[in-house]
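Listed here are the chains, written in short residue letters.
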Amino acid sequence: MKKFAYSIVIVLIVLILTIGVALFFLNYSTICGIVDGIFNDPLKLTHFKEKYLSASKFLVIKWSLTIVVIVLLMGILYWRKSLKVRIEIIINELLVGMQGFYQSFHLLDKITQRTLAGIIFIAFSFSLYFAVTSPIFIDEVITFKDFTKNSLFVSLSYYPQPNNHVFYSFLTNISYSIFPFSPKISIRLINVLLSVFTNLLFFRLSTKFLSDRASLISTTVFAFLFMNLLYSFQARGYEILLFATIVIFYYLFQFLQFEGGKKYLSVYILASIIGFWAIPSFLYPFCILTSYVIFQLLRRNKFNLILQVIISSAIISCCTIIVYSPVLLISGLKSIVGNYYTMPIPRGEVAVRLLPHFLSTAKWLVAMPSEYISIAVVGVALVLLVHAAKTKKSHFTVLIALLLAPPVLLLLHSVIPFERSWIFLSIPFSIAMGWLADNCNVLRRPLVLYSTISVLIIGLVLLFQTRHYEFYSRDYCLEELTQHIDTSRSKSIGYDSDYDAETFRFALFSLNNNQRYTLMEQLTDSSSYDKYDIVLINDTHPHRSKLYIIDSSHILMAKTVCGISFYQRVK
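Rules behind the numbers
Residues numbered from 1 in each chain as written. Predicted model: local features only at pLDDT ≥ 70, side-chain atom pairs only at ≥ 80, totals over all residues. Heavy atoms only, no water. Helix = DSSP H or I, 4+ residues; strand = E, 2+ residues; numbered from the N terminus. Buried < 20%, exposed > 50% of the residue type's maximum accessible area, 1.4 Å probe, protein only. Areas by Shrake-Rupley, 256 points an atom, 1.4 Å probe, with all protein chains shown as cover. Contact = heavy atoms within 4.5 Å. pLDDT = per-residue confidence, 0-100. Phe/Tyr/Trp six-rings, centres within 6.5 Å; stacked < 30°, edge-to-face > 60°. Lys NZ or Arg CZ within 6 Å of the ring centre and 35° of its normal. Expected span 1.5 Å × (residues − 1). Bend = angle between axes of the 7 residues up to and from the residue. Salt bridge = Lys/Arg side-chain N within 4 Å of Asp/Glu carboxyl O. Disulfide = S-S within 2.5 Å. Axes fitted to C-alpha atoms, helices over the stretch in contact; angles between N-to-C directions. Parallel < 35°, antiparallel > 145°, perpendicular 65-115°, else oblique. Left-handed = near helix turned anticlockwise from the far one by under 90°. Nonpolar A, V, L, I, M, F, W, Y, C, P; charged D, E, K, R; others polar.

### Quick word on the overall build of the chain
Stage number 1. A tally of helices and strands in the chain yields 24 helices and 5 strands.
Stage number 2. Buried residues in the chain amount to 50% of all 571 residues.
Stage number 3. Put simply, the chain shows about 26700 Å² of open surface, and 67% of that area lies on carbon and sulfur atoms.

### Some words on the side chain of Q296
Stage number 1. Locating Q296 in the fold gives a position in helix α15 (residues 283-299).
Stage number 2. Note on Q296: relative accessible area 10%, which makes it buried.
Stage number 3. Not counting the four nearest positions on each side in its chain, Q296 is found in contact with L256 and T397.

### Structural notes on the confidence of the model for the chain
Stage number 1. With 68% of its residues at a pLDDT of at least 70, the chain reaches an overall mean of 78.
Stage number 2. Here residues 497-501 is modelled with pLDDT under 50, and outside its nearest four sequence neighbours on either side it reaches 10 contacts, counting other chains as well.

### A short note on unusual backbone geometry
Stage number 1. Of note, the phi angle at A367 is positive, near 60°, even though the residue is not glycine.
Stage number 2. When you line up the elements, A367 lands in the loop between α19 (347-366) and α20 (371-391).
Stage number 3. For A367, a relative accessible area of 1% translates into the label buried.
Stage number 4. Positive phi outside glycine occurs at S414, with the angle close to 65°.
Stage number 5. Inspection of the secondary structure assignment puts S414 in the loop between α21 (397-413) and α22 (426-440).
Stage number 6. Since its relative accessible area comes to 7%, S414 is described here as buried.

### What to know about the packing of aromatic side chains
Stage number 1. One pass over the structure, following the stated rule, counts 28 aromatic pairs.
Stage number 2. An angle of 5° between the planes, with centres 4.1 Å apart, marks the rings of F202 and F222 as stacked. Here the residue F202 occupies a position in helix α10 (residues 183-206), and F222 occupies one in helix α11 (residues 212-224), the gap between them amounting to 20 residues.
Stage number 3. On the accessibility criterion, F202 (0% relative accessible area) is buried.
Stage number 4. A relative accessible area of 1% means that F222 is categorised as buried.
Stage number 5. Among the aromatic residues, those joined into a cluster by ring pairs are F126, Y129, F130, F224, F226, F233, W364 and F464.
Stage number 6. Cation over ring: R420 sits above F418, and NZ or CZ is 4.3 Å from the ring centre.

### Some points on the environment of Y450
Stage number 1. Secondary-structure assignment places Y450 in helix α23 (residues 446-488).
Stage number 2. Of the residues examined, Y450 reaches a relative accessible area of 36% and is grouped as partly exposed.
Stage number 3. As a C-alpha pair, Y450 and I217 span 233 residues in sequence and 9.8 Å in three-dimensional space.
Stage number 4. For Y450, the contacting residues outside a window of four places in its chain are I111 and T115.

### Regarding the environment of T198
Stage number 1. Among the structural elements, T198 can be located in helix α10.
Stage number 2. On the basis of relative accessibility, which here comes to 1%, the residue T198 falls in the buried class.
Stage number 3. Spatially, the C-alpha atoms of T198 and I120 are 9.9 Å apart, while their sequence positions differ by 78 residues.
Stage number 4. When residues no more than four places from it in sequence are discounted, the contact partners of T198 are F222, E239, L242, F243 and I246.

### Some thoughts on the side chain of Q234
Stage number 1. The residue Q234 is located in the loop between α12 (226-230) and α13 (238-257) in this model.
Stage number 2. Setting aside anything within four residues of it in sequence, one finds Q234 in contact with F137, E140, R188, N191 and Y472.

### Some thoughts on α21
Stage number 1. If you check α21, its first and last C-alpha atoms are 23 Å apart, about what 17 residues at 1.5 Å a residue would give, namely 24 Å.
Stage number 2. At A405, α21 shows its strongest bend, of approximately 45°, with the proline P406 following within four residues.
Stage number 3. Packing partners of the buried residues in α21 comprise α13, α15, α19, α20 and α22.
Stage number 4. Within two residues after α21, S414 carries a phi angle of roughly 65°, on the positive side.

### Considerations on the pattern of salt bridges
Stage number 1. Evaluation of the coordinates by the stated rule reveals 3 salt bridges.
Stage number 2. Among the salt bridges present, the one from D139 reaches R420, with a minimum N-O distance of 3.6 Å. Here D139 is found in helix α7 (residues 138-148), whereas its partner R420 is found in the loop between α21 and α22, with 281 residues between them in sequence.
Stage number 3. Note on D139: relative accessible area 10%, which makes it buried.
Stage number 4. A salt bridge links R353 to E349, with the nearest nitrogen and oxygen atoms 3.1 Å apart. With a gap of 4 residues between them, R353 and E349 both fall in helix α19, about one helical turn apart.

### Description of the state of the cysteines
Stage number 1. Summed over the entire model, instances satisfying the criterion amount to 0 disulfides.
Stage number 2. The structure places no disulfide on C318, whose sulfur is separated from the nearest cysteine sulfur, that of C319, by 6.8 Å.
Stage number 3. On the basis of relative accessible area, C318 is assigned to the partly exposed category, the value being 46%.
Stage number 4. A residue is classified by how much of its surface remains accessible, and C319, at 24% relative accessible area, is partly exposed.

### Thoughts on the packing of helix α9 (residues 166-178) against α10
Stage number 1. Put simply, α9 and α10 touch, their axes get as near as 9 Å, and they point 125° apart. Comparing the axis directions of α9 and α10 gives the class oblique. Pair α9 / α10 crosses with right-handed handedness. Contacts from Y168, L171, T172, S175 and Y176 in α9 reach P183, S186, I187, R188, I190 and N191 in α10.
Stage number 2. Class assignment of the residues belonging to the contact of α9 with α10 gives a composition of 6 nonpolar, 4 polar and 1 charged.

Here it is as structure tokens:
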């Protein structure tokens, strides 16, 4: 293990030296040539030069990076022994953690072992099934078109909007290259596989609060909740956020329980960097859990441990800046903190929007028929956790903090994020449901246990199917439209001026053969349909008159989906 850790330090030094040498010999024309090869479009190259990387900006970035590389190299050489020890600690703890999990699984009774294996396998099967059958979502299309099909350089540096979950985009570059599947499956398979480990780790975390049998119930709820099941296959970074949250939760819990341990903080640091690199909104669970640990240590007067946590947080901040440095240098800081979706709004407006936001979040989380029923179910979970904290174990307060802290964070942050940013709320909710089952005192009988788990799986999957179609009905329709376009083998496509550009971009994403269309333009007048093999018209516009249907002998209406009339020229 020591040799392996030392080898990693050597690899880091060689990698940084390579980057330094490459930077020294890199020139502006080389970068422009790379970008031109990626986009293969002179207009896009010009736009890239003007907006992102002028010659003067390139020189500033080049020499800034060169200085940073030199400082990093000097730091690694100076602290090589401590760095070697830190890497060794992380590797050892990961191996020990895997061994400990295997041992804890081995120590479970046979019924619990088999039931857990069944839950994980069924959850994996449904994730894979929905990955294949569900329509591709517009954010996934943008991820594929803007990042996956381009290069690692684009994924790591281009941040036009929060669609780029940088670490996930980086992984899709790899999966798209190595998996012999369609683009949809290639970019989704990462989360399908990761969800297995997320569910297993959640079971391990759940046993810190519940009995083994009750943890089976909480794991079932966790694996099949609407948001968790959705992001176990949808090609977004939220599964990584959830995975990283569970890891730092577990290791901070260990650190607090045993009052120290650098090995716990080492894994906490690594998981936090991955979480931030995937999605900046990882800030929310990170702040809640870290603040809770510091508060508990303050109560115990463990100031030396508080200092360790603060230093670890500083290391996480520095490493996060490093992994985002390509974005900061190429796209700029404003691309992350100043884009339309993350711009601060007045706190008065935040306060007014809090209730509607969390009503919607509750529906995304538990997928009940209405927002009010959903928030009531979450409220019941909160009451259960409060009761658990009062009657049994005080450490249930961390779960209460996870549920109650989000409104406070939004008032401090002064933003209203996407509902999916709160996917980690599934952790306290699922444990609350497990605690309820534990206190019903009926899970000792295998038949009752199996029946309860079966009912939960069937009910939650049915809820998922209903809500998934409700939330993404437009995308189901657009997938059908895309399939029409793919099978028509047409190359020239026109659309009317009322048609949403992003939706059109989505509709032209080929699910099967990834073909590209040579002509995608807005129609300018009633006679311009002659240019196109296919014409798409948005009939949902209240003042739309069908100006483009001129000659029925030349144009045949194939179908209307999602308010879009699909017309194809007769061959």
